Amino acid sequence: MNPPNDFLPINGTDYVEFYVGNAKQAAHYYQSAFGFQPLAYAGLETGLKDRTSYVIRQGKITFVFTTALIPDSPIADHCKLHGDGVKVVALWVDDARKSFEETTKRGARAYIQPTISNDAHGEVVISGIHTYGETVHVFVERRNYHGVFLPGFVKWEPYYCPGTTGLQYVDHIVGNVNWGEMDIWAKFYHDVMGFNQLISFDDTDISTEYTALMSKVMASSNLYIKFPLNEPAHGIKKSQIEEYIDFYKGGGVQHVAMATNNILETVAALKNRGVEFLRVPDIYYDTLKQRVGNIDEAIELIRELGILVDRDEDGYLLQIFSKPVQDRPTVFYEIIQRKGAKSFGKGNFKALFESIELEQERRGTL
Ligand code: FE2
């Protein structure tokens, strides 16, 4: 429920759009490896001259992969600078004009003025604002639209269609912000978008011998949208946040957490399909029961799959993190199952960072 005084009521994540070097192959990877289902397409065949987009969906999670067809294109520029990465975190709203007005009058930089587009299936209003790095939020008002995705897209029905893996919805989307920018962007989400800060920790809470970071979790008042923000902090060696910033050439989306209601089945399926996950040292599981108490799942199975568990005052959660899914060590995924817990797995950070440091050592970026 949206509180009556919320100036930016958001119904949920509408879609996440990636600018990539090869949208056709990216869509195939997410179909094959993650079990997303084909939804929509736009490109030369639909009258576009400069870009192609593939839209895939699983549960309520919609991803768009867009690539440039010409060199002189903001999409090509984005890929050249950042590699494959998230350009748009689109938010589903009832009023895209009001969302634009309320945020820009509070200081948001305009990305798209409110624009109406329509086809035989109705009308969509979109608008957009800039956030950290070159990332943007697009507001999507689709209450008068009944087409497959957005006007201009046609249904995409390839014969190749592997099944789903149980992914249900976007739990949270994490942004890595540049050095010294944490407070700027936390304030942006508070002042410009009306979000509240749920949680905060700094390098005294989370640090290993080498890695340090600061983190704040910003959330919409209905809690449908949760955006943790990370900023690198100085450690003995380069942190994974700093490594991201170095390779992404600035702030951007670090990971999308996707929820399942059966993490054992989902992770087993994803592993079978070739999704690579980080693995914490096996000793993590020797002390698991002491740390989190009784859980419904068999520890042996959890250990076998490499799933992590954390508990807070509301319950517990199970989570696992993929390795980066493109060549630059930037964007990755989290698979999460919540059993009451509302937090983000802080108790696992230290063990995780130690395993990421092993990967960084292999990349020569520690
Ligand atoms: Fe996360």
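Residues numbered from 1 in each chain as written. Predicted model: local features only at pLDDT ≥ 70, side-chain atom pairs only at ≥ 80, totals over all residues. Heavy atoms only, no water.

### Some points on the overall build of the chain
So, point 1. Scanning the chain for helices and strands turns up ten helices and 17 strands.
So, point 2. The C-alpha atoms of the chain give 20 Å as radius of gyration, which agrees with the globular expectation for 366 residues (21 Å, within 12%).
So, point 3. Within the chain, buried positions represent 55% of all 366 residues.
So, point 4. Relative to all contacts within the chain whose residues are 6 or more apart in sequence, the contacts with residues 24 or more apart total 67%.
So, point 5. Working note: accessible area of the chain is about 15,900 Å², and carbon and sulfur atoms make up 51% of it.
So, point 6. Considering the chain, the positive charge centre built from 37 side chains and the negative charge centre built from 47 side chains are found 2 Å apart. (Helix = DSSP H or I, 4+ residues; strand = E, 2+ residues; numbered from the N terminus. Rg over C-alpha atoms; globule rule 2.2 N^0.38 Å. Buried < 20%, exposed > 50% of the residue type's maximum accessible area, 1.4 Å probe, protein only. Contact = heavy atoms within 4.5 Å. Areas by Shrake-Rupley, 256 points an atom, 1.4 Å probe, with all protein chains shown as cover. Lys, Arg positive; Asp, Glu negative; His and termini not counted. Charge placed at Lys NZ, Arg CZ, Asp CG, Glu CD.)

### Quick look at the coordination of the iron ion
So, point 1. Around the iron ion, the protein contributes the donor atoms His172 (NE2), His255 (NE2) and Glu334 (OE), at 2.0 to 2.2 Å from the metal centre.
So, point 2. Mapped onto the sequence, the residues coordinating the iron ion show the spacing H-x82-H-x78-E. Here Glu334 lies in strand β17 (residues 332–339) and His255 lies in strand β14 (residues 252–259), a separation of 79 residues in the sequence. (Donors = N, O, S within 2.8 Å, 3.2 Å for Na, K, Ca; no water.)

### Here's the deal with unusual backbone geometry
So, point 1. A positive phi angle, close to 65°, is found at Leu223, a residue other than glycine.
So, point 2. With respect to the helices and strands, the residue Leu223 is situated in the loop between β12 (213–219) and β13 (226–232).
So, point 3. Phi angles above zero are rare outside glycine, and Lys249 is one such case at about 60°.
So, point 4. With respect to the helices and strands, the residue Lys249 is situated in the loop between α5 (240–248) and β14.

### Side note on the environment of Leu81
So, point 1. Looking at the element boundaries, Leu81 is found in helix α2 (residues 74–82).
So, point 2. The sequence separation of Leu81 and Gly250 amounts to 169 residues, and the corresponding C-alpha distance is 9.4 Å.
So, point 3. In this structure, Leu81 is in contact with Glu134, Phe247, Tyr248, Lys249 and Arg328, ignoring residues within four places of it in sequence.

### Notes on the domain arrangement of the chain
So, point 1. Taken as a whole, the chain is organised into domain 1 (12–155) and domain 2 (167–363).
So, point 2. Once you take the C-alpha centre of each, domain 1 and domain 2 turn out to be 25 Å apart.
So, point 3. Counting residues at the interface gives 42 residues for domain 1 and 36 residues for domain 2.
So, point 4. Taken over both partners, the interface formed by domain 1 and domain 2 buries close to 2,900 Å², and the fraction arising from carbon and sulfur atoms is 66%. (Domains from an automatic or database assignment. Buried area = accessible area lost by both parts, 1.4 Å probe.)

### Describing the pattern of salt bridges
So, point 1. All told, the structure shown has 20 salt bridges when counted by the stated rule.
So, point 2. In this structure, the salt-bridge partner of Glu157 is Lys155, at a minimum N-O distance of 4.0 Å.
So, point 3. Look at Glu157 and you get exposed, because its relative accessible area is 62%.
So, point 4. The salt bridge partner of Lys323 is Glu359, with a shortest N-O separation of 3.5 Å. You can see Lys323 sitting in the loop between β16 (315–321) and β17 and its partner Glu359 sitting in helix α10 (residues 346–363), a full 36 residues away along the chain.
So, point 5. Each of the salt bridges in this network shares a partner with another, and the network as a whole consists of Arg279, Asp282, Asp286, Glu300 and Arg303. (Salt bridge = Lys/Arg side-chain N within 4 Å of Asp/Glu carboxyl O.)

### Regarding the sheet that holds strand β9 (residues 154–155)
So, point 1. Here we have nine strands laid out as an open sheet, ordered β6-β7-β8-β5-β1-β4-β3-β2-β9, and mixed in their pairing. The open sheet has two free edges, formed respectively by β6 (110–119) and β9, since each of these has just one partner strand.
So, point 2. Taken together, the five bridges between strand β2 (residues 37–42) and strand β3 (residues 51–58) define a ladder with antiparallel strand orientation. From the neighbouring strand, Pro38 faces β3, where its bridge partner is Ile56. (Pairing = 2+ DSSP bridges.)

### Points about the nonpolar core
So, point 1. With 82 residues, the main nonpolar core has Phe34, Phe63, Phe65, Met193 and Met258 as its most contacted residues.
So, point 2. For this core, the domains that each give at least three residues are domain 1 (12–155) and domain 2 (167–363).
So, point 3. Discounting residues that sit within four places of it in the chain, Phe65 has contacts with Phe18, Val20, Ala23, Ala26, Ala27, Tyr30, Thr52, Ser53, Tyr54 and Ile56. (Core = buried A, V, L, I, M, F, W, Y, C linked by side-chain atoms within 4.5 Å.)

### Re α2
An α-helical turn contains 3.6 residues, so a residue and the one three or four places further along point in the same direction.
So, point 1. Turning to α2, its buried residues are Ile75, His78, Cys79 and His82. Buried positions in α2, seen along its axis, are confined to an arc of 95° and lie on one side of it.
So, point 2. On its buried face, α2 sits against β1 (12–19), β3, β4 (61–68), β5 (85–93) and α5.
So, point 3. Where α2 begins, one side-chain oxygen reaches toward the backbone nitrogen of Ile75, 3.0 Å away; that side chain belongs to Ser73.
So, point 4. Looking one or two residues beyond α2, the residue adopting positive phi is Gly83, at roughly 75°. (Arc of directions from axis to C-beta. Polar contact = N/O pair within 3.5 Å; in protein donor to acceptor, adjacent residues only side chain to side chain.)

### Looking at the side chain of Gln326
So, point 1. Here Gln326 is to be found in the loop between β16 and β17.
So, point 2. Of note is the side chain of Gln326, whose polar atom sits 3.1 Å from the backbone oxygen of Arg328.
So, point 3. Leaving out residues up to four positions away in the same chain, Gln326 has contacts with Asp84 and Val331.

### Considering the packing of aromatic side chains
So, point 1. Scanning the model with the defined rule gives 27 aromatic pairs in all.
So, point 2. A centroid spacing of 4.8 Å and a plane angle of 25° characterise the contact between Phe36 and Phe63, whose relative ring orientation is stacked. Pair noted here: Phe36 is in the loop between α1 (23–34) and β2 and Phe63 is in strand β4, with a separation of 27 residues, a long-range link.
So, point 3. The buried category is assigned to Phe36, whose relative accessible area is 0%. (Phe/Tyr/Trp six-rings, centres within 6.5 Å; stacked < 30°, edge-to-face > 60°.)

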